[in-house]
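Coordinates in review
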Amino acid sequence: MTQKTFPFPGVLTTTDGSGAVVWVDTHISDGACAYPITPSTPMGQGYQVEVSNGAKNLWGVPLVFLELESEHSAASTCEGFALAGGRVSNFTSGQGLVLMKEVLYTISGKRLPAVFHIGARALTSHSLNVHAGHDDVMAVADCGWGMVFAKNAQEAGDLALICRRAAEDSETPFFNVQDGFLTTHTTENVLLCEEEFMREFVGDPKSKLRNYMDPAHPLMSGVVQNQDSYMKGKVAQRFFYDKVPMILQQAMDEFHEKTGRRYNPVESYRMDDAEYALVGMGSAMETAMATVDFLRSERGIKVGVVNVTVFRPFPGPQLVQSLSRVKALSVLERMDNPLAQSNPLAAELKAAFSDALTKAPGYPAISAMPVIFAGAGGLGSRDVRPGDCIAIVENMQNGQGKRTFVIGIDHPLAIHSTLDPDVRPAGAFSMRGHSVGGYGSITTNKVIASISEDLFEMWVQAYPKYGSEKKGLPTTYYLTLANDRVRTHCELNQVEFVPLNDVNAFSLGNPLSGLSEGGMLFIQTSQTTPETVWASIPDYAKKIIRERKIRVLALDTVAIAREVATSPDLIQRMQGIVLLGIFLKVTPFSKQKGLSREEILEGVEKSLRKYFGKRGERVVQDNLLAVKRGFNEVIEIPAEIIGAAKSAVSGAAARS
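Residues numbered from 1 in each chain as written. Predicted model: local features only at pLDDT ≥ 70, side-chain atom pairs only at ≥ 80, totals over all residues. Heavy atoms only, no water.

**Side note on the packing of helix α8 (residues 195–202) against helix α12 (residues 244–259)**
Viewed as axis vectors pointing N to C, α8 and α12 meet at an angle of 150°, and their least axial separation amounts to 12 Å. Relative to α12, the element α8 is oriented roughly antiparallel. As for the relative orientation of α8 and α12, their crossing is right-handed in sense. Along the contact surface, α8 presents F197, E200 and F201, while α12 presents A251, E254, F255, K258 and T259. By residue class, the composition of the contact of α8 with α12 is 4 nonpolar, 1 polar and 3 charged. (Axes fitted to C-alpha atoms, helices over the stretch in contact; angles between N-to-C directions. Helix = DSSP H or I, 4+ residues; strand = E, 2+ residues; numbered from the N terminus. Parallel < 35°, antiparallel > 145°, perpendicular 65-115°, else oblique. Left-handed = near helix turned anticlockwise from the far one by under 90°. Contact = heavy atoms within 4.5 Å. Nonpolar A, V, L, I, M, F, W, Y, C, P; charged D, E, K, R; others polar.)

As structure tokens, then:
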């Protein structure tokens, strides 16, 4: 059977969710108005960089970026930009999105097809948190905007284009939502939409959008309406809203025809024979999909996943169609609202089943509904692990399962699993690095991911873990390389390589936790001989190293950075780049792919130019030299030193 080809399959690269959005928006929009707020900041920064470089959109119009004094002002400026017929974007998160709420109603009420890109973030309530949560977007779900959720970087970029098309065809503004940090900052393999396709798919804004501020065609907007008129105008807007589901589906269908990438308001995974289902939105659903594969193959449990890509317009009939045959389903949401009937997705899903049971028009006919469990998890980027997904399934199977539950913490409502399996693709190789904010390790992690895709043609996923107080404090970064897509969006407990850029890592916990048998450990140290490096390692770690036959590597990356950097401000950050050379030297991929040292360094230089080229040739060459020195100068503690130490301990024990 001949496989269908698509005219615009995409351009393969590596980027994070923020980069995927910036790629689309800097090609198709006229401008952006934003007040950067973590974790949406990289989207605003990326757009502003293109403006600073004199970029033009696909129709030759110079891009504009306006940074206002608050998110409310940014939204108001977007409103004015759209009223004047401009195709406008915004990038925001958390409290910033909520601060806009007053303006969001007027943008939708005036039928202005703006698109706001959201790095969904937990709202500041009892404390500040800058990480992933869905309470910010749920706080504005009643503003009359379309709302789509991406579960990875690929979807963040694709949906940016799809919801722009749907917004303009339906004259309805849209939110394009991705999980803060978990998607906005996670580097993955991505197929970027071709320029020709984007030009064709959304069209020239000058030929599509109306200028409400045209003096030649004056129009009164935002008027006062009293008792006789307001309701008529409000309800009349259903003329536009009733068309949104069809228009959005048409955009998704055409996108699939041209690219081969399929999107629907509801995505069903392994639901054909499922007896149980996990339901949710965002990155946790991809982790759930990988876990479902494990449960089916290892335990024979018929369980599936229903990922809600579109929350507004709410796809009630499609959800009922996908879920009506299961015995039970569990809805997992990144927020907690105990005063409500349920959290938003669970409440609306229950209402959809109620409509179906009472034969509401447009709903499939059903005679019974599944048992619905509702849970909260992943608030503030709290880890959502495969074990948590297993606990959710086990809770459904248990006749006395908790109808309202939480995962990942200790609480009376908590459910737990004794199993947390490794659901990475077969043969995957993972790294968990321990460093300090500001050392350049997170940038290095992205560079390694980019090089691995370019040189080794592998699937990659790289992401950081740090708090709002990042600089100067411990950070952790993760990288996985595999021959298939990496679908787990959680911290890595099973790894093959642990680099310690932070000399205090041994004192802050056990950095060797989860390091595989025969794995590798790299230590940043000022010690220069294998004997002195080994002597500096704590006894508990030496014992683990011997038992697991771990290879130990070492180098003074700080000294190299000090010698190589031609600018003092680069010394601290460049020590992380030295790790790149070490990674390429000690990991198996270069040998597996039959690459010479020269081919490796050629690929390294290409990636370094991608990340540092805008800072000048000197910076590129400094970083390249740092990589070469890491590659050439890293040392390994010989097995006989590790073994001799063990023999000495055994001999002393025997004499005693």
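**Focus on the pairing of strand β18 (residues 474–482)**
The buried count for β18 comes to 8 of 9 residues, which makes it a mostly enclosed element. Alignment of strand β16 (residues 429–436) against β18, held across 8 bridges, turns out to be antiparallel. The residue bridging F429 from the neighbouring strand is L481, located in β18. Pairing geometry for strand β17 (residues 459–465) and β18, over 7 bridges, is antiparallel. Residue pairing in the sheet places K465 in a bridge with T476 of β18. (Buried < 20%, exposed > 50% of the residue type's maximum accessible area, 1.4 Å probe, protein only. Pairing = 2+ DSSP bridges.)

**Points about the packing of aromatic side chains**
Enumeration over the complete set of coordinates arrives at 19 aromatic pairs. Ring centres 5.6 Å apart and planes at 85° place the aromatic pair F181 and Y466 in the edge-to-face group. In this pair, F181 sits in the loop between β7 (174–179) and β8 (187–192) while Y466 sits in the loop between β17 and β18, placing the two residues 285 residues apart along the sequence. With relative accessibility at 8%, the residue F181 sits in the buried group. In this structure Y466 comes out as buried when scored by relative accessible area, which is 15%. Geometrically, the ring pair formed by F239 and F240 is edge-to-face, given 5.3 Å between the ring centres and 90° between the ring planes. Geometry around F201 places R165 over its ring, the cationic atom sitting 4.8 Å from the centre. (Phe/Tyr/Trp six-rings, centres within 6.5 Å; stacked < 30°, edge-to-face > 60°. Lys NZ or Arg CZ within 6 Å of the ring centre and 35° of its normal.)

**Points about empty space enclosed by the protein**
Unoccupied space between atoms shows up once a probe the size of one water molecule is rolled over them. As enumerated under the stated definition, the model contains 6 cavities of 30 Å³ or more in all. Here the largest cavity defines a volume of roughly 70 Å³. Together, R385, P386, P421, D422, V423, R424, T488, C490, E491, L492 and Q494 line the largest cavity. Here the residues of the lining of the largest cavity are counted per class, giving 5 nonpolar, 2 polar and 4 charged. (1 Å grid on protein atoms, 1.4 Å probe; cavity = no way out; pocket = protein on both sides within 12 Å on 5 of 7 lines; lining within 4 Å. Points joined across faces, edges and corners; volume = space filled by probe spheres on them.)

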